[in-house]
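# Architecture and fold: a report
Chain by chain, the residues:
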Amino acid sequence: MTVIVGSLCLLALMSILYSTLRTSVPPMPSSGRSRRALLDCLSDTVPEAPAVTLVDLGSGWGSLVIAMARRFPRHRVEGYELSWLPWMVSRLLKAVLRLDNLTLHRGDFLKADLRHARVLVCYLNPTQMARLCERFDASAGWAGTLFSVGFAMPGARAERTVRVNELYNTPIYQYRLGHG
Ligand SMILES: C[S@@+](CC[C@H](N)C(=O)[O-])C[C@H]1O[C@@H](n2cnc3c(N)ncnc32)[C@H](O)[C@@H]1O
């Protein structure tokens with residue numbers, strides 16, 4: 001029994017390590033304060049109606065995307081995550097909390113069709129932000145608002161920057177892309 005549990009834990013650890021090496025971003029959740037500040041920013045931006053789609057690019061264990069689905073029950077919320085263990089945990093939480101407005105995709109957001117999304121949020125790193133920039137350059141028709149926790153988009157000017165009231169005063173950058 002101990003061997004089975006140990007092997008499963010090792011497998012889980014290896015899988016997290018593998019996706020971290022692949023994406024260069026560990027599945028570390030954003031802090032509670034960053035999440036609350038981001039939700040407040042979203043409340044300023046997301047209209048009451050009509051329903052729009054909000055997407056968390058790299059939804060990890062689901063803490064942010066679940067908070068979004070609960071804050072905006074009338075809107076559609078989606079998450080994309082490559083790492084299977086965090087993704088499975090977030091799927092479980094979605095089922096337990098019965099969040100019908102939430103869809104969790106296991107896949108690469110850089111390859112996903114995001115044309116239906118009006119608001120994107122992310123908490124990544126400078127490498128992934130650069131890739132995201134290239135992705136938006138390639139899909140020039142996309143219009144919407146992007147919020148990034150902690151990391152700026154290289155070469156783009158933020159419409160607004162909010163500082164989170166915590167030790168590192170983490171910035172939350174808001175970008176308007178296309179005609180959003
Ligand atoms: C720092 S975590 C943030 C989790 C969550 N958004 C939050 O704020 O709590 C970033 C996540 O993005 C995922 N990720 C990075 N690049 C990705 C990609 N191209 N496609 C899908 N997921 C990706 C990583 O696996 C990681 O779980």
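Residues numbered from 1 in each chain as written. Predicted model: local features only at pLDDT ≥ 70, side-chain atom pairs only at ≥ 80, totals over all residues. Heavy atoms only, no water.

As named in an unreviewed UniProt entry, the protein chain is Methyltransferase small domain-containing protein, taken from Saccharospirillum salsuginis.

## Regarding the layout of surface pockets
The condition that has to hold: Lining residues are those with an atom within 4 Å of a point, where the points come from a 1 Å grid over the protein atoms alone and group into cavities, where a 1.4 Å probe fits but cannot get out, or pockets, open sets with protein on both sides within 12 Å along at least five of seven lines. Grid points are joined across faces, edges and corners, and a volume is the space filled by probe spheres set on the points. By the criteria applied, helices consist of DSSP H or I runs no shorter than four residues and strands consist of E runs no shorter than two, each listed in order from the N terminus. Under the grouping applied here, Gly and all other residues not named as nonpolar or charged are polar, the nonpolar ones being Ala, Val, Leu, Ile, Met, Phe, Trp, Tyr, Cys and Pro and the charged ones Asp, Glu, Lys and Arg.
Estimates place the volume of the largest pocket at around 420 Å³. Taken together, the elements giving at least two residues each to the lining of the largest pocket come down to α1 (2–23), α3 (63–71), β2 (76–81) and α5 (126–138). The dominant element in the lining of the largest pocket, judged by the number of residues it contributes, is α1, at five residues. Of the residues assigned to the lining of the largest pocket, the class counts are 14 nonpolar, eleven polar and five charged.

## Thoughts on the nonpolar core
Rule in force here: Only buried Ala, Val, Leu, Ile, Met, Phe, Trp, Tyr and Cys residues count toward a nonpolar core, and they belong to the same one when joined by side-chain atoms within 4.5 Å. When a residue's accessible area, from a 1.4 Å probe over protein chains only, is under 20% of the maximum for its type it is buried; when over 50% it is exposed; and in between it is partly exposed. Residue contacts follow a heavy-atom distance rule, with two residues in contact if any of their heavy atoms lie within 4.5 Å.
Residues Leu38, Leu42, Leu54, Met68, Leu102, Val121 and Phe147 are the most contacted members of the largest nonpolar core, which totals 26 residues. When contributions to this core are tallied by element, the ones reaching two or more residues are α2 (32–45), α3, β3 (102–106), β4 (119–122) and β5 (144–149). It is α3 that provides the largest number of residues to this core, a total of six residues. Apart from the residues within four sequence positions on either side, Leu38 is in contact with Leu64, Val121, Phe147, Val149 and Ile172. Counting residues in hydrophobic clusters, the runner-up holds 21 residues, among them Leu146, Met153, Tyr175 and Leu177.

## Examining the site of the ligand
Test applied: One heavy atom suffices: a residue is near a molecule or strand as soon as one of its heavy atoms comes within 4 Å of it. We call two N or O atoms a polar contact when they sit within 3.5 Å, provided that within protein one can donate a hydrogen and the other can accept it, with sequence-adjacent residues counted only if both atoms are side-chain atoms. Surface exposure here means Shrake-Rupley accessible area, sampled with a 1.4 Å probe, where a residue is shielded only by the protein chains that are shown.
Taken together, 22 residues surround the ligand, and among them Ser30, Gly58, Glu81, Asp108 and Gln128 come closest. Within the side chain of Asp56, a nitrogen or oxygen atom sits 3.0 Å from a nitrogen atom of the ligand. Within the backbone of Leu82, a nitrogen or oxygen atom sits 3.4 Å from a nitrogen atom of the ligand. Protein contacts shield 98% of the accessible area of the ligand, which totals 600 Å² for the unbound molecule.

## A few points about the pairing of β2
Convention followed: Strand pairing is defined by DSSP finding a minimum of two bridges between the two strands. When the strands point away from the viewer, a crossover counts as right-handed if the path from the first strand over the helix to the second runs clockwise.
Extensive coverage of β2 is indicated by the burial of five of its six residues. Taken together, the five bridges between strand β1 (residues 53–57) and β2 define a ladder with parallel strand orientation. Following the sheet pairing, Thr53 is matched in β2 by Arg76. Note that the unit made of β1, α3 and β2 has a crossover that is right-handed. Handedness of the crossover is the feature at issue here: the chain leaves β2, passes through helix α4 (residues 84–97), returns alongside β3, and the resulting connection is right-handed.

## What to know about unusual backbone geometry
Leaving glycine aside, a negative phi is the common case for residues, and trans is the common case for peptide bonds. Cis rather than trans, the peptide bond between Ala49 and Pro50 has omega equal to 0°. Looking at the secondary structure, you find Pro50 in the loop between α2 and β1. The backbone of Ser24 sits at a positive phi, close to 70°, despite the residue not being glycine. Position of Ser24 relative to the elements: it lies in the loop between α1 and α2.

## Side note on the pattern of salt bridges
Quick reminder of the rule: When a carboxyl oxygen of Asp or Glu lies within 4 Å of a side-chain nitrogen of Lys or Arg, that pair is called a salt bridge.
Taken as a whole and assessed by the stated rule, the structure comprises five salt bridges. Arg74 is the salt-bridge partner of Glu48, the closest N and O atoms lying 3.1 Å from each other. Highlighted residues: Glu48 in the loop between α2 and β1 and Arg74 in the loop between α3 and β2, separated in sequence by 26 residues. In terms of burial, Glu48 and Arg74 fall into one category: exposed. Across the pair Asp113 and Arg115 runs a salt bridge whose closest N-O atoms are separated by 2.8 Å.

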